[in-house]
Amino acid sequence: MNAMPLDINDDPLDRSRFPLDEWALTETRFNADDLGVTESLFSVGNGYLGLRGNYEESRDAHVDGSYINGFHETWPITHAEEAYGFARVGQTIVNIPDAKVIRLYVNDEPLQLSTADLLDYNRTLDFRTGVLSRTLLWRTPSGTRVEVKSTRMVSLSQRHLAVMTFEVTLLDGNGPVQISSQVLNRQDLPKEGPEAKKGGIADPRKAEAFRGRVLLPKVSEGDLETGRLWLGYQCADSGMTLGLVTDHTLETANPYRATVHTDDDSVKMIYRIQAQQGTPITLTKLVSAHTADSVPPRELLDRCERTLDRVTEEGLQHQYAEQRSWLDGFWQRADIEIPGHPAIQQATRWNLLALAQASARAETYGIPAKGVTGSGYGGHYFWDTEIYVMPFLTYTMPYAARNAMRFRLSLLDSARTRAGELSQKGALFPWRTINGHEASAYYAAGTAQYHIDADIAYALSQYVGATGDTEFLDREAVDIFVETARLWADLGFWRMHPNKERTFHIHGVTGPDEYTAVVNDNLYTNVLARFNLRRAVEAVEALAEGDPAAYAQMVRRTDLEADEITEWSDCAKGMFIPFDEHLGIHPQDDHFLEREMWDLANTPSSVRPLLLHHHPLVIYRFQVLKQADVVLALFLQGEDFTPEEKLADFEYYDPITTGDSTLSAVVQSIIAAEVGYQDLAYRYFLAALFVDLADRHSNTADGVHVASTGGVWSALVSGFGGFRDLGSDEHEGQFTIDPRLPVGWESLTYRLCLRGTRVRVTVRANALELVIEDGDEPLTFSVRGTSITVTAAEPVTVALADQGPRIAGSPKAPSEIVREDGTVISSVVPTGDTRRMPVPTGH
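Bear in mind that the values here come from a model prediction, so they are computed numbers and not experimental data. In this convention, every chain numbers its residues from 1, walking through the sequence in written order. Thresholds applied to this predicted model are a pLDDT of at least 70 for local features of residues and 80 or more for the giving and counting of side-chain atom pairs; totals over whole chains, interfaces and linings are not thresholded and use all residues. Computation of side-chain values covers all heavy atoms of the structure but excludes hydrogens and water.

Undergrad: Which residues make up the overall build of the protein chain, and what values go with them?
TA: Helix and strand assignments come from DSSP, with helices taken as H or I runs of at least 4 residues and strands as E runs of at least 2, each series counted from the N terminus. Secondary structure assignment for the protein chain yields 18 helices and 33 strands. Oriented by its inertia axes, the alpha-carbon framework of the protein chain measures out at about 95 × 65 × 60 Å. Working definition: with a 1.4 Å probe on protein chains only, accessible area under 20% of the residue-type maximum means buried, over 50% means exposed, and in between means partly exposed. Expressed as a percentage of its 843 residues, the buried residues of the protein chain come to 60%. Contacts spanning at least 24 positions in sequence make up 69% of the contacts within the protein chain whose residues lie at least 6 apart. Surface summary for the protein chain: the accessible area is close to 30900 Å², and the carbon and sulfur share equals 48%. Side-chain charges of the protein chain comprise 77 positive and 118 negative groups, with the mean position of each set lying 4 Å from the other. Here a residue-residue contact requires only that any non-hydrogen atoms of the pair lie within 4.5 Å. Only the protein chains shown count as cover for residues, and the accessible areas themselves come from Shrake-Rupley with a 1.4 Å probe. Neither His nor the chain termini are counted; the positive set is Lys and Arg, and the negative set is Asp and Glu. Just so you know, the charge point we use is NZ for Lys, CZ for Arg, CG for Asp and CD for Glu.

Written out as structure tokens, the structure reads:
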């Protein structure tokens, strides 16, 4: 595993296996050694329904996974030592019945890829069609060559639909062929392969395992005449329900007969064909799945049938055409072009497609940390959505951003309850959740991350500012600003200084860096809380002035009192922002500089990431970061820091940031580019770009790192592209551009959807070009301090003198850092017995 930046000339992929193609990810040979990784990379999904890239006919799998966003089971969290307010109910995404299974037997010999004699193999995920296709040529033990072609698509236009085809042709002679198309409840069947093996080092990034049966069977039926199969279940504890229906159509000139098999945990359509040489056998399998909190499974099955009946009437080609049309529109809005660098271009588009597949049809649900590609992190929603994914959605898919904010709004009542449990006013959103209740059993790195309130407020503000959707804000979303501001005002306290100056402090919180927990005045938290308070005041005052009736409704919903607005304003003005005059940096928290420094340069890679090899208390005692914290604040609230402060902070924190989190490299890339470490910025960008494609954190098998894919977009658009949104028209020039084009790049082109207008931004070494591609409204940008307005009739080209400051190399930890009191900050590597006890499995 390597969490550090990549060398600029690195291409971490084996191009003999994964050839360059700017519009597809192709695999040219089967490899059983990294099944989990390729299952994630070749997943298809739409944000609601996701299918891992498992092989239809083979038992070769790391995890045979199919997931529906939000469909989860609950279980009691057991604490060894109880305390008031601890999270009580765990939530874990369920592996829904697997409809991908299509077993193939030729002359009674099964196709098992790991043992098969494969004469040819090609698997491709096409970025323009969203279709996963595979072709292989198999020589059976008896010497018969068999061509097998398959396709798989989860529809982006039809939320509840997946389409699969499976074609078999005997190239040598005639013979019996059997195709068994199945739907298996893998959640409750005995596990196979690596999934069945537990133990080793405890990894908090993995999903929890269940002890008892999860899916209670309610319906299992099949109709031989129509080829339709039904499965209905209810979760044993959460009570959520699922309906899944599959339709089968077999097309062949060969004679065949079919049978149906059903039981509680499987339904099968079995075809026995007398295959003739050269005569293809084509199976089309349509799948529809619906879920609900409590609707009876039989009713959900009716919904599935309506979906499939409509699809049958429209025809298969119509589904492919709709998919292509949807993705054409997506790429028009979201594509980023990097000419002359095919490896970077390919990886960028894979990351962008992964974002679409995680969010496009999430709609009434959040966006899980792994999307619908795996069960990592239990299928939970975190702050990742608001800070790393929402910018991409806001500026390229505004409707999806609105859906994500409406989902957070739906959790507001639960957040109010949670705040009350912690003796606070307002609302405290859960650190990790599916159903709105806090699911983090480790409060120090969970509930203590109060900054999630400000993260949500930040994303809401960004969405409204970029889209102009004040209707959504005024009608309902303003309640988020009100309740989060209330929490900050109640959580913090005032401290009077000898000079009569008052400062507002927030104690007992954890910032984004989870290697430092439960601290006082975490800089990121205070800076974002200040923003949250300011923005709440701005929104409430604007509503009172602009729409008194809507203001009255908001007051009725929230019981807002007039003096609260003044209190929020005072808290924001008095917010304490830690700054050490002696070192010229912002300490990450009030006592951060009192700790000694972890010597990362001399820490062996065998004990990385630190969280898997050191007790949290060991890590907490040192100046060492899991991910960007202060540096993230510099990005999100850059207007509150001077260029000199940004440079000093980056140079201090970069050498002690481990990059153990996949969320870190993108932020370090953005700020490195801004302050002048442009080669380092590019290396961090490459590290983020290939997080999953090269399995750089050794856990892509658990699913795609969706937040990192969103961060890749930000690294390109905000880092190299230089785009910033100051979030309010009160700032002179809300939208600013100050690019940092990497050396060796001919150009960088990206798109932004702003106030209903789509603008194309092209950065070249000596010029910036702005072109409106869609929409009639003019847009104004501040380009390095100069106001530039672009209209549909008049594209604009702005000359650039350079690409900003350039500093060679990367920051190094000083050999000696002296605190203001004269003591020296030592740099050490903790040592001790690193043997690990066996890890218990399950709950």
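Moving on from the model shown.
Undergrad: Now, about the side chain of Asp247: what can you tell me, with residues and values included?
TA: Tracing the backbone through its elements, the reader meets Asp247 in strand β15 (residues 241-252). Accessibility expressed as a relative area gives 9% for Asp247, which makes it buried. A polar contact of 2.6 Å, which involves the side chain of Asp247, links it to the side chain of Arg228. The residues touching Asp247, leaving out its near neighbours within four places in the chain, are Gly227, Arg228, Thr284, Lys285, Leu286, Leu308 and Thr312. Here a polar contact means two N or O atoms within 3.5 Å. Within protein one must be a hydrogen donor candidate and the other an acceptor candidate, and residues neighboring in sequence count only if both atoms are side-chain atoms.

Undergrad: Tell me about the pairing of strand β25 (residues 747-754), residues and numbers included.
TA: Where burial is concerned, most of β25 is hidden: eight out of the eight residues are buried. Neither face of β25 is left uncovered, since the one carrying Ser747, Thr749, Arg751 and Cys753 and the one carrying Leu748, Tyr750, Leu752 and Leu754 both have all their residues buried. Strand pairing is assigned whenever DSSP identifies at least 2 bridges connecting the two strands. Of the strand pairs in this sheet, β25 and strand β26 (residues 757-764) are connected by eight bridges, and their pairing is antiparallel. Residue pairing in the sheet places Leu748 in a bridge with Val763 of β26. Connecting the antiparallel pair β25 and β26 is a turn made up of two residues, with Arg755 showing a positive phi of about 50°.

Undergrad: Any details on a negative patch on the surface? Residues and values, ideally.
TA: To count toward a patch, a residue needs a relative accessible area above 30% and no salt bridge. Like charges then connect within 9 Å, nonpolar side chains (Val, Leu, Ile, Met, Phe, Trp, Tyr) within 5 Å. Here, a salt bridge means any Lys or Arg side-chain nitrogen found within 4 Å of an Asp or Glu carboxyl oxygen. A surface patch of like charges, here negative, comprises Asp559, Glu561, Asp563, Glu567 and Asp570. Summarising the element assignment, Glu567 is placed in helix α12 (residues 562-574).

Undergrad: Which residues make up the packing of helix α17 (residues 678-689) against helix α18 (residues 706-720), and what are the values?
TA: At a minimum axis separation of 9 Å, α17 and α18 run at an interaxial angle of 155°. Relative to α18, α17 is oriented roughly antiparallel. With respect to the hand of their crossing, α17 and α18 are arranged in left-handed fashion. Mapping the contact onto sequence places Ala681, Tyr682, Phe685, Ala688 and Leu689 in α17 and Ser708, Val712, Ala715, Leu716 and Phe720 in α18. Of the residues that constitute the contact of α17 with α18, the class distribution is nine nonpolar, one polar and no charged. Axes here refer to lines fitted to C-alpha atoms; in helices the fit is confined to the stretch in contact. Angles between the N-to-C directions go from 0 to 180 degrees. Angle categories are assigned with fixed cut-offs, so that under 35 degrees is roughly parallel, over 145 is roughly antiparallel, 65 to 115 is roughly perpendicular, and the rest are oblique. Definitions for this section: a left-handed crossing has its near helix turned counterclockwise from the far helix by less than a right angle. A right-handed crossing has that turn clockwise. Three classes are used, and their members are as follows: Ala, Val, Leu, Ile, Met, Phe, Trp, Tyr, Cys and Pro are nonpolar, Asp, Glu, Lys and Arg are charged, and the others, Gly among them, are polar.

Undergrad: Pulling in residues and values, what's your account of the packing of aromatic side chains?
TA: A pair of aromatic rings is counted whenever rings of Phe, Tyr or Trp (Trp by its six-membered ring) have centres within 6.5 Å, and the orientation is called stacked for planes under 30 degrees apart, edge-to-face for over 60 and tilted otherwise. Considering all chains together, one arrives at 33 aromatic pairs under this definition. Through successive ring pairs, a cluster of aromatic residues spans Trp23, Trp326, Phe330, Trp331, Phe392, Tyr395, Trp713, Phe723, Phe735 and Phe781. We call a charge positioned above a ring when the Lys NZ or Arg CZ atom is no farther than 6 Å from the ring centre and deviates by at most 35 degrees from the ring normal. In this arrangement the basic side chain of Arg123 is found over the ring face of Phe42, its NZ or CZ atom lying 4.3 Å from the centre. The ring of Trp494 carries the charged tip of Arg502 above its face, separated from the ring centre by 3.9 Å.

Undergrad: Let's hear about the pattern of salt bridges: which residues, and what values?
TA: Under the definition given, this model contains 56 salt bridges. Between Arg751 and Glu337 there is a salt bridge, with the nearest N and O atoms lying 2.6 Å from each other. Here Arg751, found in strand β25, pairs with Glu337, found in the loop between α3 (316-334) and α4 (342-359); they are 414 residues apart in sequence, far enough to count as distant. Residue Glu514 is joined to Lys626 by a salt bridge in which the shortest nitrogen-to-oxygen separation is 3.0 Å. On the criterion of sequence distance, the pair formed by Glu514 in the loop between β20 (502-505) and α10 (523-546) and Lys626 in the loop between β22 (622-623) and α14 (630-636) is long-range, its members being 112 residues apart. Note on Lys626: relative accessible area 11%, which makes it buried. Put simply, Glu337, Arg751, Arg758, Arg760, Glu769 and Glu773 are held in one network by salt bridges that share partners.

Undergrad: For the sheet that holds strand β14 (residues 228-235), give the residues involved together with the corresponding values.
TA: Taken in spatial order, the nine strands line up as β1-β8-β9-β10-β11-β18-β15-β14-β13 in an open sheet, and their pairing is antiparallel. One side of each edge strand has no neighbouring strand; the edge strands of this open sheet are β1 (24-27) and β13 (215-223). Across the sheet, the mean angle from the axis of one strand to that of its neighbour is 10°, orientation sign disregarded. Contacting β11 (161-170), β13, β14, β15 and β18 (281-292), helix α2 (residues 297-314) crosses the sheet at an angle of about 35° to β15.

Undergrad: If you had to explain unusual backbone geometry to someone new, which residues and values would you point to?
TA: With an omega of -5°, the peptide bond between Arg608 and Pro609 qualifies as cis. Note that Pro609 resides in the loop between β21 (596-598) and α13 (616-620). Notably, Asp559 is not glycine yet its phi reads approximately 60°, a positive angle. With respect to the helices and strands, the residue Asp559 is situated in the loop between α11 (548-558) and α12. Phi is positive for Arg784, which is not a glycine, with a value near 50°. Relative to the assigned elements, Arg784 resides in the loop between β28 (779-783) and β29 (786-790). The exposure class of Arg784 is partly exposed, given its relative accessible area of 31%.

Undergrad: Residues and numbers for the nonpolar core, please.
TA: Only buried residues count toward a nonpolar core, which is a set of Ala, Val, Leu, Ile, Met, Phe, Trp, Tyr and Cys residues joined through side-chain atoms within 4.5 Å. One finds Phe685, Leu752 and Phe781 to be the most contacted residues of the largest nonpolar core, which totals 228 residues. Among all residues touching Phe781, those that are not within four sequence positions of it are Phe723, Phe735, Ile737, Leu752, Leu754, Val759, Leu770, Thr786, Ser787, Ile788 and Val790.

Undergrad: Can you tell me about the pairing of strand β19 (residues 493-496), naming the residues and giving the values?
TA: Relative to β20, β19 runs antiparallel, the two sharing four bridges. Within β20, the position partnered with Arg495 by the bridge is Thr503. Here β19 folds back onto β20 in antiparallel fashion, the turn holding five residues, of which Lys500 has a positive phi close to 75°.

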